[in-house]
Amino acid sequence: MTPQHNGAVPPGIRVPDAPITLSTASVYPEKVPSAFEIAALLGYDGIEVMVSTDASSQDLNVLRRLSDYHQVPIKSIHAPCLLLTQRVWGREPWGKLVRSKEVAEELGADVVVVHPPFRWQREYARDFVEGLARMQEETDVLFAVENMFPLKARGAEAGLYLPDWSPVDQDYPFVTLDLSHTAVSGSDAIAMAELLGDRLRHLHLADGVGVTNKDEHLVPGRGGQPCGPMLEKLADEGFRGHVVLEVNTRRAATRAERMEDLAEALAFARLHLAAADRTWEVTSGGEVSRRGAR
């Protein structure tokens, strides 16, 4: 909560205004309509639609009706880039991105999340950086390329993506940073954020303990990733992108347990995004001062 004095926000305090949204993947094996319902009940600021084999995730009219009914805006679209979605919206990868952009524009979403090409998509990969830049020139929707991870076997790494699993050294104008993926790759998430600078426009907030080849997507705070420090860093820097809870709740035995996990995830995000604000206090003399400034 933003500290106030006599009903006013003290000068110099920045209120973090990054929306905290829920990925529809976070309610699996429930369907997309459940994500909208849960997001509305828990008070999320919006939805990221993971376009998947769930027919409702692919249908523009269904998505619009769900958003209108629950009064939950769709803030981002995750293009169907997974192995399991190779046939969703056709098999041609550029066609998938065009369709994702069109849906985002129709629904008023700000971002399309994109994975780098798989290694066997050589023709797509050859023109990926330049082609994505050309597409970006044609829309206000941001194409944010997500960091992935290498596969490991007997101590060796096998590259699964081209030009690379890491976006840091690529010429992508916008990037999504996923903290479950940094756990799998053994990356320093804070260092990656520093290197990305203003290109970091989208955060997939999840946790992981770094199990080899296992993308865990734990509720933040349950693994070893710097989820709290990352949010506090972004808040200090005035981050205005999206914070998306993309967590795995498959082990939840009931809807109530799933909602408890997603409520905990939302509370964690709000708490740490507001951490910069909590360093302010009203003194006994009625003056506003900063306490424990970093």
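Residues numbered from 1 in each chain as written. Predicted model: local features only at pLDDT ≥ 70, side-chain atom pairs only at ≥ 80, totals over all residues. Heavy atoms only, no water.

**Q** Would you explain the overall build of the protein in this entry?
**A** Scanning the protein from N- to C-terminus turns up ten helices and twelve strands. Here the protein holds 294 residues, and 54% of them are scored as buried. By sequence separation, contacts in the protein at least 24 residues apart represent 73% of the contacts at least 6 residues apart. Just so you have it, the protein exposes about 13800 Å², and 50% of that area is on carbon and sulfur atoms. (Helix = DSSP H or I, 4+ residues; strand = E, 2+ residues; numbered from the N terminus. Buried < 20%, exposed > 50% of the residue type's maximum accessible area, 1.4 Å probe, protein only. Contact = heavy atoms within 4.5 Å. Areas by Shrake-Rupley, 256 points an atom, 1.4 Å probe, with all protein chains shown as cover.)

**Q** I would appreciate a short explanation of the packing of aromatic side chains in the present structure.
**A** For any two aromatic rings, the description comes down to two numbers: the centre-to-centre distance and the angle of the planes. If you walk through the whole model with that rule in mind, you get six aromatic pairs. Taken together, a centroid distance of 5.8 Å and an interplanar angle of 80° make the contact between F128 and Y172 edge-to-face. Taken together, the residues F128 in helix α6 (residues 128-136) and Y172 in the loop between β7 (156-158) and β8 (175-178) connect sequence positions 44 residues apart. Like F128, the residue Y172 is buried in the burial classification. Members of the aromatic cluster, connected to one another through ring pairs, are W94, Y124, F128 and Y172. (Phe/Tyr/Trp six-rings, centres within 6.5 Å; stacked < 30°, edge-to-face > 60°.)

**Q** Hey, could you run me through the pattern of salt bridges in this one?
**A** Between side chains of opposite charge, pairing is possible as soon as their charged atoms come close. Counted under the stated rule, the structure contains twelve salt bridges. Among the salt bridges present, the one from R255 reaches E37, with a minimum N-O distance of 3.6 Å. Of this pair, R255 sits in helix α10 (residues 255-273) while E37 sits in helix α1 (residues 32-42), and the two are 218 residues apart along the sequence. Assessed through its relative accessible area of 32%, E37 is described here as partly exposed. For R222, the salt bridge identified is with E264, shortest N-O distance 2.7 Å. With R222 in the loop between β9 (200-205) and α9 (227-236) and E264 in helix α10, the pair connects residues that are 42 residues apart, well separated along the chain. (Salt bridge = Lys/Arg side-chain N within 4 Å of Asp/Glu carboxyl O.)

**Q** I'm lost on the sheet that holds strand β2 (residues 46-50) in this one. Help?
**A** One key point about sheets: their strands pair by backbone hydrogen bonds, in either a parallel or an antiparallel sense. Judged by pairing direction, the barrel is parallel, and its eight strands sit side by side in the order β1-β2-β3-β4-β5-β8-β9-β10 before closing back on the first. Strand-to-strand twist in this sheet, taken as the mean axis angle between neighbours without regard to direction, amounts to 30°. Strand direction decides the pairing type here: β9 and strand β10 (residues 242-245), joined by four bridges, are parallel. Within the sheet, the bridge partner assigned to H202 lies in β10 and is H242. (Pairing = 2+ DSSP bridges. Axes fitted to C-alpha atoms, helices over the stretch in contact; angles between N-to-C directions.)

**Q** Is there a simple way to explain empty space enclosed by the protein in this structure?
**A** In this approach a probe as big as a water molecule rolls over the atoms, and the regions it shows empty are the leftover space. Going through the model one piece at a time under the given rule, you end up with one cavity of 30 Å³ or more. Taken together, 13 residues make up the lining of the largest cavity; nearest its centre are P80, C81, P93, Q121 and Y124. With three residues, helix α4 (residues 93-107) is the single largest residue contributor to the lining of the largest cavity. For the lining of the largest cavity, a count of residues per class yields nine nonpolar, three polar and one charged. (1 Å grid on protein atoms, 1.4 Å probe; cavity = no way out; pocket = protein on both sides within 12 Å on 5 of 7 lines; lining within 4 Å. Points joined across faces, edges and corners; volume = space filled by probe spheres on them. Nonpolar A, V, L, I, M, F, W, Y, C, P; charged D, E, K, R; others polar.)

**Q** Would you explain the confidence of the model for the protein in this entry?
**A** Where the model shows low pLDDT, its predicted coordinates should not be examined in detail. Summing up the model confidence of the protein, the mean pLDDT is 90 and the portion of residues at 70 or higher is 88%. Ignoring residues within four places in sequence, the model shows residues 1-15, a span with pLDDT below 50, making 26 contacts including any to other chains. Per-residue pLDDT stays below 50 along residues 286-294; that stretch engages in 24 contacts with residues further than four places along the chain or on separate chains. (pLDDT = per-residue confidence, 0-100.)

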